[in-house]
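# Coordinates in review
Here is how the chains run, residue by residue.
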Amino acid sequence: MSGKERDVILKIEDLYVNFYTYAGVVKAIDGVNLEVYRGECLGLVGETGCGKSVTMRSVLRLIPPPGEIVKGKIWFNGVNLLELPESEMRKIRGNKIAYIVQEPSAALDPLYRVGYQVAEPMVYHGLVKSFKDAWGRVIQLFKSVMMPEPEERAKAYPHELSGGMKQRVVIATALSGETELLIADEPTTAVDVTIQAQIMDLLSKLRKERNLTLILVTHNLGLVAEMCDRVAVMYAGNIVELAPTEELFKNPMHPYVKGLLAAVPRITASKDVVLKPIPGFVPNLIYPPPGCRFHPRCDKAMPICKREKPAMKEVAPGHWVACHLYDNVKGVGDGNE
Amino acid sequence: MSKPLVETRDLRKLFPVRKLFRTLGHVHAVDGVNLQIMRGETLGLVGESGCGKTTLGRLILALIKPTSGTVLFDGKDVFKLKGKELLEFRRRAQIVFQDPYSSLDPRMMVFDIIYEPLLVHKRHFHIEDPEEYVVSLLEKVGLKREHLYRYPHEFSGGQRQRIAIARALALQPEFIVLDEPTSALDVSVQAQILNMLKDLQRSMGLTYLYISHDIATVKYMSDRIAVMYLGKIVELADSQELFEKPLHPYTQALLSAIPEPDVEAKRMKTRIILKGEVPSPINPPPGCRFAPRCFKRMDVCDKEEPQLVEVEKGHWVACHLYA
Ligand SMILES: Nc1ncnc2c1ncn2[C@@H]1O[C@H](COP(=O)(O)OP(=O)(O)OP(=O)(O)O)[C@@H](O)[C@H]1O
Ligand SMILES: Nc1ncnc2c1ncn2[C@@H]1O[C@H](COP(=O)(O)OP(=O)(O)OP(=O)(O)O)[C@@H](O)[C@H]1O
Ligand code: SF4
Ligand code: SF4
Ligand SMILES: [Mg+2]
Ligand SMILES: [Mg+2]
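In what follows, the accompanying structure is described. (Residues numbered from 1 in each chain as written. Chains lettered and ligands numbered in written order. Predicted model: local features only at pLDDT ≥ 70, side-chain atom pairs only at ≥ 80, totals over all residues. Heavy atoms only, no water.)

Bringing the overall build of chain A into the picture now. The secondary structure content of chain A amounts to 12 helices and 12 strands. Relative to the globule expectation of 20 Å for 337 residues, the C-alpha radius of gyration of chain A, 21 Å, shows essentially globular dimensions. Taken along the three principal axes of its C-alpha coordinates, chain A extends 65 × 55 × 50 Å. The buried share of chain A, taken over its 337 residues, is 55%. Expressed as a percentage of contacts within chain A between residues at least 6 apart in sequence, the contacts between residues at least 24 apart total 62%. Carbon and sulfur atoms form 54% of the exposed surface of chain A, whose accessible area is close to 14900 Å². Taken as two groups, the 41 positive and 39 negative side-chain charges of chain A have centres that lie 1 Å from each other. (Helix = DSSP H or I, 4+ residues; strand = E, 2+ residues; numbered from the N terminus. Rg over C-alpha atoms; globule rule 2.2 N^0.38 Å. Buried < 20%, exposed > 50% of the residue type's maximum accessible area, 1.4 Å probe, protein only. Contact = heavy atoms within 4.5 Å. Areas by Shrake-Rupley, 256 points an atom, 1.4 Å probe, with all protein chains shown as cover. Lys, Arg positive; Asp, Glu negative; His and termini not counted. Charge placed at Lys NZ, Arg CZ, Asp CG, Glu CD.)

Here it is, written out as structure tokens:
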């Protein structure tokens, strides 16, 4: 590591996840390494199926069968979560680490009042003695997520709330524990942009107030530019580039990342800017391309790209990239390690 | 002066909301829309989920009947067309849907999917070699001969959308409603489809109604843009003009809420965070429908409904601030 040592809250080391399907073994996560610093907002971006959710679910050990973590370590506050007994893991899940999913309806039980659902994990984790004691905190949490008429809304059933309000309930639940790390997996995909702006505003505010670490999983590069301190970009099961946000947008290095940035329409662009699509499409992960998984779509591909998988390399302070184009560039750590 | 290819006149569609046997009210899905779509242009239609975009698109294609008002296509009332004339309208006006997974019949091969409309319209008599004709369409959308006899599940989302577009082109239409054609696709593939649609428009002289809630793609595609809120057009302007000078408070909030994939843009921007939720379109209140969330609301806004007026040449807005 270069520069001053930073306090690492989460460290994913050499993670491999497979799904054993009838069609074959889906090699969904293919050696992911990632450090998350305490108090930062890290963006995890990439297109559908690149492995964002599976990576994050691995942190919580919530990979459903036929999926399996085949290799790797996940350190949270210095403890390898993959070696913890399930009973210990349960104390962390939904308490120290909270997970917000894309579709708030999926996270809420239609049969219970939403206030009760926010109270339940507090009771489970022993943070309050009873549901009665929890109620006051529920109302407080509803106020902190700026739910209109919190007392009334706590008694509502999920179907009585709008998409935006449901997502507020889910965020309130996520904050009900002794939350240190909040993983928000596409928290605003199901809501409109004006509501998205409200929710993002709320998340930024809560993060500052509570000194939370936030991992924002999204395919929306705009959200990342606006919210995050650092960004990791995934492609077909690998992290291909990781850098401070400003650096990544100003000086993208990986051909895929450059391609993505040239392919997004922008409202500030002038009328004659033509989008440059990336040719081809995302590979099948049962038979992923050998070497660099991006090589069939890459206009810079070289013979080595088909043979060898490029390793992550720190090419500028804090700026990591996995691409053979930078094999001969002097890395940050080179020569003194 | 070119004449509009499509014109809606005070078009309205209400859906009854029923509980058991009682009608509780009506969803004002499309509520008095007057729009013109010029030959050869792309009119963009933006607005949040449920504001009535799809309903408006379906009305224009006469796929559903309006509660009141009408649609003129090339000067003729589409709801009065019958027999041959109706069939001819169905040939000239097509639609491409959002979801390339459900819009194609999984049991049909690509050839049949694309050739079927020709059979339905009895146009196959004019075609010498069906296979060559379908191949020529496939090539227009960037697919190949080798794809002819495959099933939809063998294709990626982007490829399926290409197939759906080839099908829409099969009858050589003049007008296509594109209802969120890329919202199920990834950015890298979205750009492929958008560019292709633009090229096809140029080479085939098509007119588009491009519907989306993704304002950045609407800007990329459209010559003019209509902003819809709860069943009404609240602003209509030239694409460039709308982004440079949004007049309606809702348009201003909407544009300011879009996160730009750019670190410079972030610093420049002052965001308008709207209070409150998107209200229900069931029995909307009198006055301006945006009033409950508006940051510029005045007394008159609760009482009188603002009309869409042309405040500058080609720039229309429905808001009391400009009355
Ligand atoms: N239950 C499953 N069975 C088989 N394969 C799976 C399963 N769940 C995930 N995968 C595979 O794992 C890969 C990564 O999936 P993941 O859900 O992490 O993608 P993602 O980046 O979160 O995408 P999205 O943006 O669509 O949410 C996918 O390519 C998918 O094929
Ligand atoms: N067949 C129907 N019966 C009853 N209500 C309907 C029907 N179709 C649409 N609606 C209602 O009409 C309103 C407008 O729907 P529409 O699908 O046109 O919106 P939209 O702008 O296309 O939204 P989205 O962006 O989510 O596609 C919504 O409130 C919807 O619930
Ligand atoms: S390693 Fe090779 S194929 Fe992969 S992104 Fe770099 S240049 Fe392209
Ligand atoms: S009419 Fe009034 S409430 Fe409606 S947008 Fe204009 S200022 Fe706001
Ligand atoms: Mg996901
Ligand atoms: Mg729609």
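This part covers the sheet that holds strand β11 (residues 309-312) of chain B. Residues and elements named next belong to chain B. The 8 strands lie next to each other as β6-β7-β8-β3-β9-β10-β12-β11, forming an open sheet whose pairing is mixed. Two strands in the sheet have a free side with no partner beyond their single neighbour: β6 (93-96) and β11. On average, adjacent strands in this sheet sit at an angle of 20 degrees to one another, irrespective of strand direction. Where helix α2 (residues 83-92) meets the sheet, its contacts fall on β6 and β7 (175-179), and the angle it forms with β6 comes to roughly 45 degrees. Seen against the sheet, helix α5 (residues 157-169) touches β6 and β7 and runs at an angle of roughly 175 degrees to β6. (Pairing = 2+ DSSP bridges. Axes fitted to C-alpha atoms, helices over the stretch in contact; angles between N-to-C directions.)

All right, on to the layout of surface pockets then. Residues and elements named next belong to chain A. Put simply, the second largest pocket is a space of about 760 Å³. Around the second largest pocket, the lining comprises 25 residues; the ones closest to its centre are Gly94, Tyr99, Ala107, Pro121 and Thr173. Broken down by secondary-structure element, the contributors of at least two residues to the lining of the second largest pocket are β6 (97-100), α3 (104-107), α4 (114-124) and α7 (163-174). Of the residues in the lining of the second largest pocket, the class split is 16 nonpolar, 4 polar and 5 charged. (1 Å grid on protein atoms, 1.4 Å probe; cavity = no way out; pocket = protein on both sides within 12 Å on 5 of 7 lines; lining within 4 Å. Points joined across faces, edges and corners; volume = space filled by probe spheres on them. Nonpolar A, V, L, I, M, F, W, Y, C, P; charged D, E, K, R; others polar.)

All names here are of chain A. Taken together, 14 residues are adjacent to ligand 1, and Gly49, Gly51, Lys52, Ser53 and Val54 come closest. Contact distances for ligand 1 include 2.7 Å between an oxygen atom and a side-chain N or O atom of Ser53. One of the backbone N or O atoms of Val54 is found 2.8 Å from an oxygen atom in ligand 1. Secondary-structure elements contributing two or more residues to the shell around ligand 1 are β1 (8-21), β2 (24-37) and α1 (52-59). (Near = heavy atom within 4 Å. Polar contact = N/O pair within 3.5 Å; in protein donor to acceptor, adjacent residues only side chain to side chain.)

Residues and elements named next belong to chain B. For helix α4 (residues 130-140), the complete set of buried residues consists of Tyr133, Val134, Val135, Leu137 and Leu138. The residue sitting at the N-terminus of α4 and contributing the capping side-chain oxygen is Asp129; that oxygen lies 3.1 Å from the backbone nitrogen of Glu131. One or two positions beyond α4, positive phi appears at Gly142, with a value near 80 degrees.

Our focus in this paragraph is helix α1 (residues 53-60) of chain B. For α1 of chain B, the tally of buried residues reaches 6 of 8 residues, placing the bulk of the element in the interior. Two residues or fewer past α1 of chain B, Ala62 of chain B is found with a positive phi of approximately 60 degrees.

Moving on: empty space enclosed by the protein. Tallied over the full model, the rule gives 4 cavities of 30 Å³ or more. Its volume calculated, the largest cavity comes out at about 110 Å³. Along the walls of the largest cavity sit Pro265, Arg266, Ala269, Ser270, Lys271, Val273 and Leu275 of chain A together with Ala216, Lys219, Tyr220, Ser239 and Gln240 of chain B, which together make up its complete lining. Counting only elements with at least two residues in the lining of the largest cavity, the list comes to α7 (215-221) and α8 (239-244) of chain B. Looking at the lining of the largest cavity element by element, the count peaks at 3 residues for α7 of chain B.

It is worth spelling out the side chain of Thr207 of chain B at this point. Residue and element names in this part refer to chain B. Within the secondary structure, Thr207 is located in strand β8 (residues 207-211). With relative accessibility at 1%, the residue Thr207 sits in the buried group. Polar contacts involving the side chain of Thr207 include one to the main-chain amide nitrogen of Gly40, which spans 2.8 Å. Beyond its immediate stretch of four places on either side in the chain, Thr207 contacts Leu5, Ile37, Met38, Arg39, Gly40, Glu41, Glu174, Phe175, Ile176 and Gln201.

No statement about biological role is implied by the geometric values presented.
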